[in-house]
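Here are the chains, one letter per residue:
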Amino acid sequence: MTALVVTGGLAACGSSDGGSSDSDTVTIGSIHPTSGPLAGVGGLMDDGAKLAVADINAAGGIKALDGAQLELAGGDSQGKAEVGQSEAQRLIGDGAVALIGTYQSDVTQNVAAVAERGRVPFVIDVAVDDKILEQGYKYSFRVQPDATSMGTSGADSLVKIGQDKGTPIKTVAYLHIEGAFGDSVFDAFKKEAEAQGITTVKEITYPGTNFSDATTQVREAASINPDVIVATGYFPDGVLIAKAVSELGPDIQGLYGIANGAFDDGSFPAASGASGQNVLSANYHYDANNERVTDIRTRFEAKYGKPMETASILSYQAVEVIAAGLEKSGSDDPEKLREAISGIEIDDPLLAFDGPITFDERGQNENATVIVMQVQGDNVEQVFPQEVATKDLVFPAAPAR
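Residues numbered from 1 in each chain as written. Predicted model: local features only at pLDDT ≥ 70, side-chain atom pairs only at ≥ 80, totals over all residues. Heavy atoms only, no water.

## Let's talk about the overall build of the protein
Part 1: Scanning the protein for helices and strands turns up 11 helices and 14 strands.
Part 2: Taking 21 Å as the expected radius of gyration for a compact globule of 401 residues, we find that the protein reaches 21 Å, a close match to that expectation.
Part 3: For the C-alpha atoms alone, the extent of the protein along its principal axes is close to 65 × 40 × 40 Å.
Part 4: When contacts within the protein are restricted to residue pairs at least 6 apart in sequence, long-range pairs at least 24 apart make up 69% of them.
Part 5: As displayed, the protein has an accessible area near 14800 Å², and 46% of this comes from carbon and sulfur atoms.
Part 6: Where the 28 positive side-chain charges of the protein centre and where its 57 negative ones centre are 3 Å apart. (Helix = DSSP H or I, 4+ residues; strand = E, 2+ residues; numbered from the N terminus. Rg over C-alpha atoms; globule rule 2.2 N^0.38 Å. Contact = heavy atoms within 4.5 Å. Areas by Shrake-Rupley, 256 points an atom, 1.4 Å probe, with all protein chains shown as cover. Lys, Arg positive; Asp, Glu negative; His and termini not counted. Charge placed at Lys NZ, Arg CZ, Asp CG, Glu CD.)

And the structure:
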């Protein structure tokens, strides 16, 4: 299949190989947790999608469909898999030709199944679990790295940082949230870490709900005298872990997140205070050195009054993927749109990826990678590898006490 090359996030041209829109609007469904404990990030993601729609419409809409305007229809998953499923069914029933979402892997799994049954493309902005795309689905596509690549790359980066700084990492205590998300990233990390000479990887899990104090889990992690404590989870529990590490003061070289929803979030330094200083995070991340990213983030903050975080950037990019597919297919027929997205190539990704966005036979972005960030002062800086760095890496990076 010939790939469509997209520059600057918008398709330069489109073909008319499958008909055109019968209306002046094309509806995309956006499913995120806009209420409940994850409403903060869910709202930002929904706003990121809204900004992308506004930008594409202001630039002339979908040119291959005679300038048809995009319309975003919102769905609130409430952070619950069954609610996300029903919202996907509702949006498809109401005429959405494509879906984006959803932040949580269990919710995303249900939405992917609905999209497959409904034969409607689903572009995953954030959700890491490998199993989502291991079902043989043809209608789901993921922009971010999957769990295996995140856990593997997270381990590889940690080993290289230790080697580069002359402080080899031999023992790790790994804290992660219960469920598919935490399990899958941990499993990939453990396999790669042990292959690279890390002799001990102790696993400690914690519940995804009713978790208000990480002291017990961090004390258990510290009991093996690890070189590094690694953590995978969401924002609220990430803050609790950082504070518990700071309060207990284990003798470690650093607190290191992998696919952690807190440690590279721009609000984390303020939320964690001194306990967040020097915390490291291996994750996908918007490209801080990209001028288009800077422009989008500046306009987002001016419009919505909040900084645009990486998850929100991914929602913006997911809309761009769908728009590029509409341009390529020249049709708003979901099946023709799916075919177009499967062969697309976007050469100006908004994240710090090594290469364009292209999807393999599973629907996984083949060039999605992770980088390492670090909290320094009031900011989250890109620190590793050197070619993406905005500041020098500090390591060992013992947490503040």
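## Quick word on a negative patch on the surface
Part 1: Taken together, the side chains of Glu178, Asp183, Asp187 and Glu203 make up a negatively charged region of the molecular surface.
Part 2: The residue aspartate 183 is located in helix H5 (residues 180-195) in this model. (Patch = residues over 30% accessible without salt bridge, like charges linked within 9 Å, V, L, I, M, F, W, Y side chains within 5 Å. Salt bridge = Lys/Arg side-chain N within 4 Å of Asp/Glu carboxyl O.)

## Examining the packing of aromatic side chains
Part 1: The final tally for this structure, using the stated rule, is eight aromatic pairs.
Part 2: Both rings, one in tyrosine 174 and one in phenylalanine 189, keep their centres 5.1 Å apart while their planes meet at 65°; by these two values the pair is edge-to-face. Of the two residues, tyrosine 174 sits in strand S7 (residues 171-177) while phenylalanine 189 sits in helix H5, which places them 15 residues apart along the sequence. Grouping residues by exposure puts tyrosine 174 and phenylalanine 189 together as buried.
Part 3: With centroids separated by 5.3 Å and ring planes inclined at 50°, the aromatic side chains of phenylalanine 263 and phenylalanine 268 adopt a geometry described as tilted.
Part 4: When its relative accessible area of 0% is taken as the criterion, phenylalanine 268 is described as buried.
Part 5: An aromatic cluster of three or more residues is present, and its members are Tyr103, Phe181 and Tyr234. (Phe/Tyr/Trp six-rings, centres within 6.5 Å; stacked < 30°, edge-to-face > 60°. Buried < 20%, exposed > 50% of the residue type's maximum accessible area, 1.4 Å probe, protein only.)

## So, the pattern of salt bridges
Part 1: Counting across every chain of the model gives 15 salt bridges.
Part 2: Taking the shortest distance from any N to any O, the salt bridge between lysine 160 and aspartate 156 comes out at 3.0 Å. Of this pair, lysine 160 and aspartate 156 both sit in helix H4 (residues 147-164), separated by four residues, roughly a single helical turn.
Part 3: The partly exposed category is assigned to aspartate 156, whose relative accessible area is 22%.
Part 4: Arginine 362 is the salt-bridge partner of aspartate 360, the closest N and O atoms lying 3.2 Å from each other.
Part 5: Of the residues examined, aspartate 360 reaches a relative accessible area of 17% and is grouped as buried.
Part 6: Its relative accessible area of 28% is what places arginine 362 among the partly exposed residues.

## Overview of the packing of helix H1 (residues 39-58) against helix H9 (residues 291-304)
Part 1: Where H1 meets H9, the axes come as close as 11 Å, and the angle between the chain directions of the two elements is 110°. As the angle between them shows, H1 and H9 are arranged roughly perpendicular. As H1 runs across H9, the sense of the crossing is right-handed. On the side of H1, the interface is formed by Leu44, Asp47, Gly48, Lys50, Leu51, Ala54 and Asp55, while H9 contributes Ile296, Arg299, Phe300, Lys303 and Tyr304.
Part 2: Partitioned by chemical class, the residues of the contact of H1 with H9 number six nonpolar, one polar and five charged. (Axes fitted to C-alpha atoms, helices over the stretch in contact; angles between N-to-C directions. Parallel < 35°, antiparallel > 145°, perpendicular 65-115°, else oblique. Left-handed = near helix turned anticlockwise from the far one by under 90°. Nonpolar A, V, L, I, M, F, W, Y, C, P; charged D, E, K, R; others polar.)

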